[in-house]
Amino acid sequence: MSPVPGVTSATPERRPYPSARAMDGGARSILFDASKCIGCRQCVEACKDWHDLPRGDTYRIGGSTWITMEPPVPEGLARIWGRNSCMHCDYPSCAAVCPVEAITKFEEGPVVIDQAACIGCEYCVHACPWHVIAMSNVTKKATKCTMCHDRLGQGASPFCVQACPVNALHFGPAAEMEARADTRAAEIGGSVYGRDQAGGTRVLHVLVGAAAEHGLPTVDSRRYPVHQIPWSAKIKGLLTVRGGLSGRWRAIENAWTKPWRLAYRYWQWWHRHGQR
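Every chain's residues receive numbers from 1 upward, in the order its sequence appears when written. Only residues with pLDDT of at least 70 are given local features in this predicted model, and only at 80 or more are side-chain atom pairs given and counted; all residues enter the totals for whole chains, interfaces and linings. Hydrogen atoms and water are omitted, and side-chain values are computed over all heavy atoms in the structure.

(A) Quick look at the environment of Cys 145. Segments assigned H or I by DSSP are reported as helices when at least four residues long, segments assigned E as strands when at least two residues long, and all are numbered from the N terminus. Structurally, Cys 145 is set in the loop between β9 (142-143) and α4 (149-152). Partly exposed describes any residue whose relative accessible area lies between the buried limit of under 20% and the exposed limit of over 50%, with all areas from a 1.4 Å probe on protein chains only and scaled to the type maximum. Look at Cys 145 and you get buried, because its relative accessible area is 9%. Spatially, the C-alpha atoms of Cys 145 and Val 132 are 8.3 Å apart, while their sequence positions differ by 13 residues. Here, residues are in contact when the closest pair of their heavy atoms is within 4.5 Å. With residues near it in sequence (within four places) discarded, Cys 145 still touches Trp 66, Ser 85, Cys 86, His 88 and Val 111.

Shown next, in the form of structure tokens:
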């Protein structure tokens, strides 16, 4: 049964996290065209409005800010802009390290954290190669962009896409967005970022410069990049009662019934060898 209410469990290849189908199973992607972006941050504020997040603190990813524009300067003061938010990976490292299966990868694209299931262990925060997951100061649970998965079921696009005043953001079937990204990159002599990184993502960037100029990290094409969960956090997770007794029991039950899901979290070399 799917860990997220109202969706149907999918049966893809065995992966170290839950997957599900919310609608028709057709993959969708967000396309960000840096050549058109003006750094107005209307997408940032739209995200806050749709998800009832407080205004302010727009320059850094946090519990109340799920999208940032790079560099962290006002509109008009940068030559090149970049978008920083969840990449909705095809093989999400955050979901692979979650001990209670609180993160689900949907066939349609979104990677979603179930707030009711999250125990606040912070493993996902450390595992994300883009560093776009943060802890909520209110709930003490992990939060991030959801690709507005609640809107997708209504046939609507993510609210950030709808809010962009210069059409720098697009949303649609993955194949269509990829073709559009390739065409645009060829027109401007740019490149496409997000197609290959971490095994593929559902957020494509058309870049006019090097990834670093857009505030994006270098992430290789291997699935499940090496995570940076400190051993202190792993030991704390094993020896303390995160999420209460119910959270501890869910972690133990998952470890007992699906021990193969522990490989990436604790023994990365063994897991990577098994992926070859």
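Still more ground to cover, so stick around.
(B) Local environment of the packing of aromatic side chains. Paired rings are identified among Phe, Tyr and Trp, the last through its six-membered ring, by centres lying within 6.5 Å, and are further divided according to the angle between planes into stacked (under 30 degrees), edge-to-face (over 60) and tilted (the rest). Scanning all chains against the criterion turns up 3 aromatic pairs. With a centroid separation of 5.3 Å and an interplanar angle of 45°, the aromatic rings of Trp 50 and Phe 159 are classed as tilted. Placement of Trp 50 in helix α1 (residues 42-50) and of Phe 159 in helix α5 (residues 159-163) is noted, with a sequence separation of 109 residues between them. Overall, Trp 50 belongs to the partly exposed group, its relative accessible area being 30%. Taken together, a centroid distance of 6.0 Å and an interplanar angle of 75° make the contact between Tyr 91 and Tyr 224 edge-to-face. Of the two residues, Tyr 91 is situated in the loop between β5 (82-84) and α2 (93-97) and Tyr 224 in the loop between β12 (203-207) and α7 (231-239); the sequence distance between them amounts to 133 residues. On the accessibility criterion, Tyr 91 (10% relative accessible area) is buried. For Tyr 224, a relative accessible area of 2% gives the class buried. Members of the aromatic cluster, connected to one another through ring pairs, are Tyr 17, Tyr 91 and Tyr 224. Above the ring of Trp 50, the side-chain terminus of Arg 151 is found at 4.6 Å from the ring centroid. For a Lys NZ or an Arg CZ to count as sitting over a ring, it must be within 6 Å of the ring centre and within 35 degrees of the ring normal.

Any functional reading would require information that these geometric values do not contain.
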